[in-house]
Amino acid sequence: MAQIAIVSHSGYGHTARQAAAVQEGAASVEGATVTPLVIDAEGNLPDTAWETLAAADGIIFGSPTYMGGASWQFKKFADASSRPWFAQAWKDKVAAGFTNSASINGDKHSTIHYFITLAMQHGMVWIGTGMMPANTKAATRNDVNYLAGSAGAIAQSPSDSTPDEGPLPGDLETARQFGARVAAYVVKTRG
Ligand SMILES: Cc1cc2nc3c(=O)[nH]c(=O)nc-3n(C[C@H](O)[C@H](O)[C@H](O)COP(=O)(O)O)c2cc1C
């Protein structure tokens, strides 16, 4: 079985829904075992998480976009990953990422770009969404990849939405399909 870890933070529950959709998509792929690792409000992971990450064939990073970047809790995790970095322990693992924010754009790409840089520091192999954007006149807001992420999966939760209301349904489906793509790639290349 190919091992996939999803390591993510969510301050208020919206990105947690996106993470759950990524997990659902990844788990739908035969041959993939998916473990969610939730970064808590203090920026810490469960004790066994680092062993799970060490054993993973692929790691998917997730965070809300706060002030144009990943949350400080995610950054605390990223800084703590300097320990495996010293040994290049994550070298050649597959990496991917997702983020959610209130605005349609909201500078989400800065967060995805940070994940890419983190993955490159670890010598990982980045995989994007592989999805075409829904950007024709006929496109509607809940089409898959309406927000047109290629480097990573992106979602919008309107600023006054509860986690039940946001991310919007099309963005959750985008997250599902993204999770499935990453898992299929990990199974094909590492399984
Ligand atoms: C400190 C802070 C900074 C934020 N910065 C941004 C931002 O740069 N761009 C944006 O579109 N939304 C921004 N937002 C809105 C959040 O991204 C949005 O509410 C998101 O759904 C929160 O996800 P969460 O519930 O997983 O924490 C910010 C929210 C907070 C609390």
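The model shown is predicted, which means the values in this text are computed figures rather than measured ones. (Residues numbered from 1 in each chain as written. Predicted model: local features only at pLDDT ≥ 70, side-chain atom pairs only at ≥ 80, totals over all residues. Heavy atoms only, no water.)

## Quick word on unusual backbone geometry
At the junction of Gly166 and Pro167, the peptide bond is cis and its omega measures out at 10° in the coordinates. Looking at the element boundaries, Pro167 is found in the loop between strand E7 (153–156) and helix H6 (169–190). Of note, the phi angle at Asp92 is positive, near 75°, even though the residue is not glycine. With respect to the secondary-structure elements, Asp92 resides in the loop between helix H4 (82–86) and strand E5 (94–101). Since its relative accessible area comes to 45%, Asp92 is described here as partly exposed. (Helix = DSSP H or I, 4+ residues; strand = E, 2+ residues; numbered from the N terminus. Buried < 20%, exposed > 50% of the residue type's maximum accessible area, 1.4 Å probe, protein only.)

## Some thoughts on the site of the ligand
For the ligand, the set of nearby residues contains 17 residues, the closest of which are Ser10, His14, Thr15, Tyr66 and Met67. Contact distances for the ligand include 2.6 Å between an oxygen atom and a side-chain N or O atom of His14. Compared with its free state, where it exposes 640 Å², the ligand has 77% of that area covered by protein. Contributing elements (two or more residues each) for the shell around the ligand: helix H1 (14–27), strand E3 (58–66) and E5. Broken down by element, the residue count for the shell around the ligand peaks at 3 residues, all from E3. (Near = heavy atom within 4 Å. Polar contact = N/O pair within 3.5 Å; in protein donor to acceptor, adjacent residues only side chain to side chain. Areas by Shrake-Rupley, 256 points an atom, 1.4 Å probe, with all protein chains shown as cover.)

## A look at the pairing of strand E1 (residues 2–9)
Successive residues of a regular strand alternate their side chains across the two faces of the sheet. The element E1 is largely enclosed, with a buried count of 7 among its 8 residues. With 8 bridges joining them, E1 and strand E2 (residues 32–39) adopt parallel strand pairing. By the bridge assignment, Gln3 is partnered in E2 with Thr33. Tracing the backbone out of E1, into H1 and back to the parallel element E2 gives a crossover that is right-handed. Bridge count between E1 and E3: 5 bridges; the pairing is parallel. Within the sheet, the bridge partner assigned to Ser8 lies in E3 and is Gly62. (Pairing = 2+ DSSP bridges. Right-handed = clockwise from strand over helix to strand, strands pointing away.)

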